[in-house]
Each structure stands twice: as structure tokens, then as C-alpha cells.
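Structural characterization, general
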Amino acid sequence: MVSESYLMNIPELVMNIILDKLDFKSVQTLRKVCRDLRDFIDDQKPDPRIEEITVWALESGDLKFSYKNLQAEVFLCYQTRDGGESVLVYEDVARILKGEENLLKIAFKDFETILKHQSSTLKVLKLHSNHFDNVLDHLKTVLESRNHRLKVETLVTDQVMKILPFLDPDFLLELNLFGSTDHPIRTLEILEIDELAELEIWCKIKELSIWDCYVPSVSLQSFTHFSKCSIDVELVHLEDVLLLKETLNFI
Amino acid sequence: MTSPASSSEVKYLIESSEGNTFDVSGAALRQSNTFNAMFLNIGADGPIPFTDYNEATLKKVFEYCEHSVNEENYSGPKHQDDLSKWDLNFFNEMDQKMFIDVINASNFLDIERLTSYCCERIARMLRGKNTQEMIKVITLPTAEELEAKQKVEEKKAAAAKKVAEKAAETAEKTETLEELPVQQLVQTTRNKLTRKYLSFSNE
């Protein structure tokens, strides 16, 4: 059938080349054009090739997501307004979110959709969870449900245990941990360090820095394998120094 | 002056869907991987049948091949501003139907450069657009729709004449006249597209 309509008569192979040339924002927009395009895109699973994601959970309960790569940038802000109304602000336009689901669920559903076919490595993942446990739980659920673990090169977070086990251990190079901003200095629990150090991924990380937190001196042993490491220790015993000297000399 | 017959001087006969034949240089034809795989080694008796495509389309495709035989003439999918005058002309000469036919033919003949180049042009039309704008790009009007549009415009012109006689208050009427048919148009094209796309995926 010879038809004069446009994009729809293009062979699948060609359509894939076009999808490959489009940035993730355009692909997501194209997906909304009609049902057949949506089915086609869902079927082909084009890699969005996102390079940087930042998630902020604000004190007010609002959530902000930023997705970025060289070609495109998407900034989504999920807010609860005074009347209890949930809105999504995107490109300065507020859209009312209907339905029973809460803001958190909607936001992470979008997160899941956008990241679903990401197979290339994410350069940076930043999480400012503000120690809101439910935010992390949602994130954990999304990461856990993926067929392939998310590849991340640099992880910046204030809550590491809920995320680190669900990343691809072969790709994480750098880990940045920071304490909560309300309590400028707190002690990273011994338990937490022990749990961390037991993870396969911990041994593969090359660079580590921990901010606004003290590391207990008894766990110094777990930090000797990094090529670059920046931590604060409140009190160091002489034995610890000797131990470090010994271990590092050995290497 | 005699020179050995280099391969670029070899001409091949191509047969189009109309049954017409025309010749294309070997150098141009070798950009088609399909040709390389099917005919290059075994050779062809008589014209090579690319009878799924019409003459105009094939000529356009090989026009590009002839032009890009020389590496320096190839200005691949780069930034719009980098396009040479020749490239711009090449694409501007084509209407939508021709463009799609060329993509299809290029895809079948497996001419990587041309396919990639065409795809880049489409990608460029879609990039950075919102959904509504994309719908407009994708549903470029067909002949019937153009006709319908023309009728609408004639109506509009007639209405405008009337309006001109009256005062400014009637201006609103023309605006509603303007908007309504366009919305219907978008709707009908959307419905049509769905069906067409389905038929393509069944191929």
C-alpha cells in the first residue's frame, strides 16, 4: 500500500536508527504521540543513555528529580499543594496528578519508566534523601525489581545500605557518603560499616570519601584497599596507626 | 590517451518498477551492501531488477551515491549548518512521499550513509519538540487533506470577505472558523496513522 503519511511507513530498522539518534527526552515524548509508537518503543527498549541523576527529598515532602546527559535534561518536581492536591511541575507547567496513589509512588513510577531500559553506565547518581526512609524504600524497590542491576560509576548519598547492594558491583568506582545536614557530625555506626564492608561491591570501589561523619577507629581495617580515601576519625589509637602502617606497607 | 578500464567506469543497468532501465556506475552501486552481497561477485545477466521501487526513487538514491562516491563530497549526519548546498538541494527537492520512498529504498539497498543521513533529518525534526508539535511533524497532510485544507481556506477567504464588510466584532467568527477544521484534521490523521502503522508492523 502506498501511503502518503509520514513516519509510520518507515521500516522497523530505520525507525530504530532514528530512535538511536534521539535523546531520551524526545523518545519519551515520541512515546506519547500515539499508541503504536508507544508499543513500538516499549518493544524496542531504546537505551536512554542518561548520565546523571539527582534525587532530592525536601523537608516539605516535595520530591525533585533531575535526569541529564549531554543531549537533554529533564527536571521534574513533585509537590503536594495546600489543598492536598498533588502536582507535577515540568518545564514551568504544573500538572495535577489524579488518582489514589501517593506522590512518592507516582514519582518513583516515573523514575522506573525513564530508567527501565538504561543499560549504559550512569556516571553519577546523587541521592539527597534527607533520611526519609520511605523515599529510600521506594528507590530500593525500583532498583531491586530491575532485570539487570543499574550500572553506576559514582554514587553520592546520605543513606548507603539501601542502595549499594542493588547496584552492579563491577561498575562502581567512587562512593561519596555524607551525613545529614541537621546533625552536622554524627558517628557512622560500627554496624553500618561492618555491613558495608561485607558487600562484594565494597571491595571493588576505588575511591571513597565520607563527609560529616566520623568513622569508628576499630573499622579502619576496612578502608585499606582504596586507592583514594578521605574519612574523618574522631579518635585514633596507636594500635590503629601501627596496623595501618603495617597493612599499607605490605601492599 | 588510453587507460585501463577501472572498475568505476563499469556501468550497470538497473530496472525499476515501471520496467524502465537506466545505468549507474559501479562505484556508486557498490555503496549498496545489498548489491555487493547479491551481484558483485556473480555479476548480472541483463539489468539488475530493483523492481520494488520506481524509477524516480531509484534515480534519487543513486544520485546521492554518485555524489558521495568521492569521500570529500560526503557530509554525513552533522549539524544542519554544515550541510553543503548540494545536500540541502538534494533533500529540499523531495516531497514527503519521495523522502519516505528514498528511505525505504535506501534501507533495502542497505546504503548505510544515505539511511543514516535520512534518519538524522527525521531525528532533527523531532528533537526537542513536545507531543503536540511531534504530532504535527508526523502527520504531515496527505493529498486529500491538503485538498480539504484548501477548501477550508477558500471558505475562510469567503468568510473573510464578508467579515471585511462588517465591523471588528465579526472577526471572532473567522477565528473559530480557522480553528475548528484544523482540530478535526489532526484527529482524522491520528486515526489514519494508527491503522497505517499497524499494517507496516505486520509486514
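Scroll up to find the structure this text is about.
As the structure is a prediction and not an experimental result, all values here were calculated from the model. (Residues numbered from 1 in each chain as written. Chains lettered and ligands numbered in written order. Predicted model: local features only at pLDDT ≥ 70, side-chain atom pairs only at ≥ 80, totals over all residues. Heavy atoms only, no water.)

**Describing the overall build of chain A**
- Looking only at helices and strands, chain A features 8 helices and 11 strands.
- The C-alpha extent of chain A, read off along each of the three principal axes, is 85 × 45 × 25 Å.
- Expressed as a percentage of the 251 residues in chain A, the buried residues total 45%.
- As displayed, chain A offers around 13,400 Å² of accessible surface, 51% of which is attributable to carbon and sulfur atoms.
- Across chain A, the mean location of the 28 positive side-chain charges is 6 Å away from that of the 44 negative side-chain charges. (Helix = DSSP H or I, 4+ residues; strand = E, 2+ residues; numbered from the N terminus. Buried < 20%, exposed > 50% of the residue type's maximum accessible area, 1.4 Å probe, protein only. Areas by Shrake-Rupley, 256 points an atom, 1.4 Å probe, with all protein chains shown as cover. Lys, Arg positive; Asp, Glu negative; His and termini not counted. Charge placed at Lys NZ, Arg CZ, Asp CG, Glu CD.)

**Looking at helix H1 (residues 12-21) of chain A**
- Of all the residues in H1(A), the buried ones are Val14(A), Met15(A), Ile18(A) and Leu19(A). Seen end-on, H1(A) carries its buried residues on one side only, within an arc spanning 145°.
- Where H1(A) is buried, its residues meet helix H2 (24-31) and helix H3 (35-44) of chain A together with helix H5 (96-109) and helix H6 (112-126) of chain B. (Arc of directions from axis to C-beta. Contact = heavy atoms within 4.5 Å.)

**Description of the sheet that holds strand S1 (residues 11-15) of chain B**
Residue and element names in this part refer to chain B.
- Spatially, S2-S1-S3 is the arrangement adopted by the 3 strands of the open sheet, whose pairing is mixed. Either end of the sheet is taken by a strand with one partner, and the two such strands are strand S2 (21-25) and strand S3 (48-49).
- Pairing of S1 with S3 involves 2 bridges; the strand directions are parallel. By the bridge assignment for S3, Glu 15 is matched with Pro 49.
- Those strands touched by helix H3 (residues 55-67) are S1 and S2, and its axis lies near 15° from that of S2. (Pairing = 2+ DSSP bridges. Axes fitted to C-alpha atoms, helices over the stretch in contact; angles between N-to-C directions.)

**Focus on the environment of Arg127(B)**
- Here Arg127(B) is to be found in the loop between H6 and helix H7 (131-138).
- Judged by relative accessible area, which is 30%, Arg127(B) ranks as partly exposed.
- The sequence separation of Arg127(B) and Lys166(B) amounts to 39 residues, and the corresponding C-alpha distance is 44 Å.
- Here Arg127(B) is in contact with Lys21(A), Leu22(A), Asp23(A), Ser26(A) and Glu120(B), once residues within four sequence places are set aside.
- Engagement of the side chain of Arg127(B) in a polar contact is seen with the backbone oxygen of Lys21(A), the distance being 3.0 Å. (Polar contact = N/O pair within 3.5 Å; in protein donor to acceptor, adjacent residues only side chain to side chain.)

**Comments concerning the environment of Leu125(A)**
All names here are of chain A.
- If you trace the backbone, Leu 125 turns up in strand S6 (residues 122-128).
- Owing to a relative accessible area of 2%, Leu 125 belongs among the buried residues under this scheme.
- Setting aside anything within four residues of it in sequence, one finds Leu 125 in contact with Ile 53, Val 152, Thr 154, Leu 155 and Val 156.

**Comments concerning the state of the cysteines**
All names here are of chain A.
- The final tally for this structure, using the stated rule, is 0 disulfides over all chains.
- Cys 213 forms no disulfide, and the closest cysteine sulfur to it belongs to Cys 229, at a distance of 13 Å.
- Assessed through its relative accessible area of 2%, Cys 213 is described here as buried.
- Owing to a relative accessible area of 36%, Cys 229 belongs among the partly exposed residues under this scheme. (Disulfide = S-S within 2.5 Å.)

**Remarks on the packing of helix H4 (residues 103-115) of chain A against helix H5 (residues 133-145) of chain A**
Residue and element names in this part refer to chain A.
- In the contact formed by H4 and H5, the axes pass within 10 Å of each other and the chain directions differ by 30°. Here H4 lies roughly parallel to H5, going by the angle between them. Considering only the axes of H4 and H5, their crossing is right-handed. Residues Leu 104, Lys 105, Phe 108, Phe 111 and Glu 112 of H4 form the contact with H5, whose participating residues are Asn 134, Val 135, His 138, Leu 139, Val 142 and Ser 145.
- Residues belonging to the contact of H4 with H5 are distributed by class as follows: 6 nonpolar, 3 polar and 2 charged. (Parallel < 35°, antiparallel > 145°, perpendicular 65-115°, else oblique. Left-handed = near helix turned anticlockwise from the far one by under 90°. Nonpolar A, V, L, I, M, F, W, Y, C, P; charged D, E, K, R; others polar.)

**Quick notes on the pairing of strand S7 (residues 152-157) of chain A**
Residues and elements named next belong to chain A.
- Burial within S7 is extensive, with 5 of its 6 residues counted as buried.
- When S6 meets S7, the two strands line up parallel, connected through 5 bridges. Of the residues in S7, the one forming a bridge with Leu 125 is Leu 155.
- Remark: the S6/H5/S7 crossover connection has right-handed handedness. (Right-handed = clockwise from strand over helix to strand, strands pointing away.)

**Details of the pattern of salt bridges**
Residues and elements named next belong to chain A.
- As enumerated under the stated definition, the model contains 16 salt bridges over all chains in all.
- With a closest N to O distance of 2.8 Å, Asp 42 and Arg 31 form a salt bridge. Separated by 11 residues along the polypeptide, Asp 42 in helix H3 and Arg 31 in helix H2 bring together distant segments of the chain.
- Between Lys 126 and Glu 52 there is a salt bridge, and its shortest N-O distance comes to 3.9 Å. Residue Lys 126 is found in strand S6, and its partner Glu 52 is found in strand S1 (residues 52-57); the two are separated by 74 residues along the sequence.
- Residue classification places Lys 126 among the partly exposed residues on the basis of a relative accessible area of 28%. (Salt bridge = Lys/Arg side-chain N within 4 Å of Asp/Glu carboxyl O.)

**Some remarks on the side chain of Thr57(B)**
- As for its position among the elements, Thr57(B) is in helix H3.
- Aside from chain neighbours lying at most four places away, what touches Thr57(B) is Met98(B), Asp101(B), Val102(B) and Ala105(B).

**Observations concerning H5(B)**
Residues and elements named next belong to chain B.
- Taking 1.5 Å as the rise per residue, H5 with 14 residues should run 20 Å; its terminal C-alpha atoms sit 20 Å apart, in good agreement.
- A large share of H5 lies buried, amounting to 11 of its 14 residues.
- Three or more residues of H5 are buried, namely Met 98, Phe 99, Ile 100, Asp 101, Val 102, Ile 103, Asn 104, Ala 105, Ser 106, Asn 107 and Leu 109.
- One or two positions beyond H5, positive phi appears at Asp 110, with a value near 55°. (Expected span 1.5 Å × (residues − 1).)

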